[in-house]
Amino acid sequence: VCLAAFGEERSVLPCGHIFHPECVDRLFRQSGGRFVHCPLRCRNTVRREDVLLASEKSKEDGSSLPQEIKGDWGTKVNRLIADVMDLKGDRAIIFSQWEEMLDVIAEGLGANQIIFVRPRSGKRFGEDIKRFRSSDAPILLMNVKNGAEGLTLTEANHVFMVEPMLNCGLDSQAINRIHRIGQASKTYVHRYIVAD
């Protein structure tokens, strides 16, 4: 709105347009706080709770690991495992749309003594979800196609999206397993994107 250069944080509207967080806050104050129209005149009405905050947490390429892990599972999975090890008592759901990728992640987590649950379709699905909820296993591995809808998993406060989803609705459904009514903790979404 102010046309100044962006800093490290940006407010992202549902239409995809980005602005300074301060500018968006000013727009909400001027409108009485309920909703605003996108300043770029795309005709979208935006509620405050629909505005996301994007941050440039790090300028590194993501290939260096915050801590040592056992084994080599590829750049993306190595980083994922290191990030999971860095949770310090928090609980998380790891989503992928490929069973083969979940196989690799499961092997990597097991090699690093990280307890996880991987529910599959069928009778055991409910039992595995109960096990995750009971704090026995802090990590839940799920195929986004099987577990993105209908579950309330507010026991977790981190979602790891292993690859970008082409279906935005499926992506939102996955994140909303933890970011929903009943969630008492701040929630975090981690996305893994590899250049080229």
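Residues numbered from 1 in each chain as written. Predicted model: local features only at pLDDT ≥ 70, side-chain atom pairs only at ≥ 80, totals over all residues. Heavy atoms only, no water.

**Student:** How would you explain the pairing of strand β8 (residues 139–143) if you had to name every residue and give the values?
**Tutor:** Counting buried positions along β8 yields five of five residues, so the element is predominantly enclosed. Both faces of β8 are covered, namely the face carrying I139, L141 and N143 and the face carrying L140 and M142. As defined by bridge partners, strand β6 (residues 92–96) adjoins β8 across five bridges and the pair is classed as parallel. Opposite A92, over in β8, you have I139 as the bridge partner. Pairing between strand β7 (residues 116–117) and β8: two bridges, direction parallel. The partner of V117 across the bridge, within β8, is L140. (Buried < 20%, exposed > 50% of the residue type's maximum accessible area, 1.4 Å probe, protein only. Helix = DSSP H or I, 4+ residues; strand = E, 2+ residues; numbered from the N terminus. Pairing = 2+ DSSP bridges.)

**Student:** Go over the sheet that holds β7 with me, naming the residues and quoting the values.
**Tutor:** Taking strand neighbours across the sheet as the criterion, the five strands line up as β7-β8-β6-β9-β10 in an open arrangement whose pairing is parallel. Each edge of the open sheet carries a strand with a single partner, namely β7 and β10 (188–191). Where helix α2 (residues 75–85) meets the sheet, its contacts fall on β6, β8 and β9 (158–161), and the angle it forms with β9 comes to roughly 175 degrees. On top of the sheet, helix α3 (residues 99–111) reaches β6, β7 and β8; it is set at about 165 degrees to β8, its chief contact. (Contact = heavy atoms within 4.5 Å. Axes fitted to C-alpha atoms, helices over the stretch in contact; angles between N-to-C directions.)

**Student:** Break down the nonpolar core for me, with residues and values.
**Tutor:** Of all hydrophobic cores here, the largest spans 20 residues; its most connected members are I93, F95, L140, M142 and L153. Every element with two or more residues in this core is listed here: β6, α4 (124–133), β8, β9 and α6 (168–175). Core analysis: the next-biggest nonpolar cluster, separate from the first, contains 19 residues, V77, A106, L109 and L141 among them. (Core = buried A, V, L, I, M, F, W, Y, C linked by side-chain atoms within 4.5 Å.)

**Student:** Residues and numbers for the environment of G33, please.
**Tutor:** Position of G33 relative to the elements: it lies in the loop between α1 (21–30) and β3 (35–37). A sequence separation of 112 residues divides G33 from K145, and the C-alpha atoms of the two residues are 36 Å apart. Those residues in contact with G33 that sit more than four places away from it in its chain are F28 and R48.

**Student:** Outline the packing of aromatic side chains, listing residues and values.
**Tutor:** Under the criterion given, the structure shown has one aromatic pair. Summarising the aromatic geometry, the rings of F160 and Y192 are spaced 6.3 Å apart at their centres and angled 25 degrees between planes, so their arrangement reads as stacked. Residue F160 is located in strand β9, and its partner Y192 is located in the segment after β10; the two are separated by 32 residues in the primary sequence. Take F160 and Y192: they sit in the same class, and that class is buried. For the cation-ring pair, R91 lies above F132, with the distance from its terminal atom to the ring centre recorded as 4.4 Å. The side chain of K145 reaches across the aromatic face of W98, ending 5.0 Å from its centre. (Phe/Tyr/Trp six-rings, centres within 6.5 Å; stacked < 30°, edge-to-face > 60°. Lys NZ or Arg CZ within 6 Å of the ring centre and 35° of its normal.)

Keep in mind that these numbers describe shape and distance, not what the molecule does.
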